[in-house]
Structures are given as structure tokens and as C-alpha cells.
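Here's the letter readout for the chains.
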Amino acid sequence: MNSYEKVLARICLEHGWAGRSQIADAVRARLTDAAAQASSLAAFLVARGVLTAEQADVLQAEAGEVTRSGRYADTREDDAGIGRL
């Protein structure tokens with residue numbers, strides 16, 4: 001799971017749309033299914049009947065807001081690079 005999917009899973013838990021075990025089971029199943037690995041976690045949860053398509057859309061929008069890179073994040077990345085030097 002990448003950071004976007006971790007945020008998406010967390011938001012899903014906060015909304016109460018899925019339980020930890022449902023998300024964990026979906027993540028494990030997706031890892032073992034070669035065809036499913038290409039799909040997003042949200043799409044996979046919809047395919048398994050855990051989420052509705054509308055819930056998946058909301059989750060993706062909210063996770064996108066949390067994980068998007070903005071000017072502040074870019075500046076922090078520059079600061080970290082200078083600090084490593």
C-alpha cells in the first residue's frame with residue numbers, strides 16, 4: 001500500500017464505511033490476485049461489495065486532498081534537501 005491508499009483506508013475507517021478486518025482482507029486478497037493489483041484499493045473495495053461507488057468517489061476525493069502536494073509541501077521538501085547537504 002502506498003501513502004495515498006493508507007490515507008484512503010484511514011478515511012474509510014473514520015467514516016465507518018468499512019472495518020479494519022474488511023480493509024486488511026481486501027489488501028491481502030489484492031496482493032494475491034495479479035489482475036486486481038492494477039486496480040485501486042477503492043475500486044477493489046467496491047468490487048468486493050464493501051463500498052458503494054459513491055463512497056469510493058468520496059474517499060478518493062478526500063484522500064486526494066490530504067495527499068496532494070502543495071506549495072508548502074514543495075518548500076518543505078526543498079528544506080529537507082538543504083538540511084541533508
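Now for a look at the structure at hand. (Residues numbered from 1 in each chain as written. Predicted model: local features only at pLDDT ≥ 70, side-chain atom pairs only at ≥ 80, totals over all residues. Heavy atoms only, no water.)

1. With respect to the overall build of the protein chain
Each helix and strand in the protein chain was counted, giving five helices and zero strands. In sequence order, the protein chain lays out its α and β elements as α-α-α-α-α. For the protein chain, the proportion of its 85 residues judged to be buried stands at 25%. Excluding contacts between residues fewer than 6 apart, the proportion of contacts in the protein chain whose partners are at least 24 apart in sequence is 50%. Carbon and sulfur atoms form 52% of the exposed surface of the protein chain, whose accessible area is close to 5700 Å². (Helix = DSSP H or I, 4+ residues; strand = E, 2+ residues; numbered from the N terminus. Buried < 20%, exposed > 50% of the residue type's maximum accessible area, 1.4 Å probe, protein only. Contact = heavy atoms within 4.5 Å. Areas by Shrake-Rupley, 256 points an atom, 1.4 Å probe, with all protein chains shown as cover.)

2. Examining the environment of valine 66
With respect to the secondary-structure elements, valine 66 resides in helix H4 (residues 53-67). Here valine 66 falls in the exposed class, since its relative accessible area comes to 55%. A C-alpha to C-alpha distance of 8.4 Å links valine 66 and tyrosine 4, two positions 62 residues apart in sequence. Once residues lying within four places of it in the same chain are set aside, the contact partners of valine 66 are Val7 and Ile11.

3. Details of the nonpolar core
If you look at the biggest cluster of nonpolar residues, it comprises 18 residues, and the most contacted ones within it are Leu8, Cys12, Ile23, Leu41, Leu45, Leu51 and Leu59. When residues of this core are traced back to their parent elements, those giving at least two are helix H1 (3-15), helix H2 (20-32), helix H3 (41-47) and H4. Once residues lying within four places of it in the same chain are set aside, the contact partners of leucine 51 are Cys12, Trp17, Ala42, Leu45, Val46, Ala56 and Leu59. (Core = buried A, V, L, I, M, F, W, Y, C linked by side-chain atoms within 4.5 Å.)

4. Describing the pattern of salt bridges
On inspection of all chains with the given rule, the structure shows four salt bridges. Note that arginine 10 and glutamate 14 form a salt bridge whose closest N and O atoms lie 3.7 Å from each other. Here glutamate 14 and arginine 10 lie together in helix H1, a separation of four residues that amounts to about one turn. Residue classification places arginine 10 among the partly exposed positions, given a relative accessible area of 46%. Among the ionic pairs, aspartate 25 bridges to arginine 28, the shortest N-O distance being 2.6 Å. Within this pair, aspartate 25 and its partner arginine 28 are both found in helix H2, separated by three residues, close to a single helical turn. (Salt bridge = Lys/Arg side-chain N within 4 Å of Asp/Glu carboxyl O.)

5. Overview of the packing of H1 against H2
Where H1 contacts H2, the two axes come as close as 10 Å, and the packing angle between them is 150°. Judged by the angle between their axes, H1 and H2 are roughly antiparallel. Pair H1 / H2 crosses with right-handed handedness. Along the contact surface, H1 presents Glu5, Ala9, Arg10, Cys12 and Leu13, while H2 presents Arg20, Ile23 and Arg30. (Axes fitted to C-alpha atoms, helices over the stretch in contact; angles between N-to-C directions. Parallel < 35°, antiparallel > 145°, perpendicular 65-115°, else oblique. Left-handed = near helix turned anticlockwise from the far one by under 90°.)

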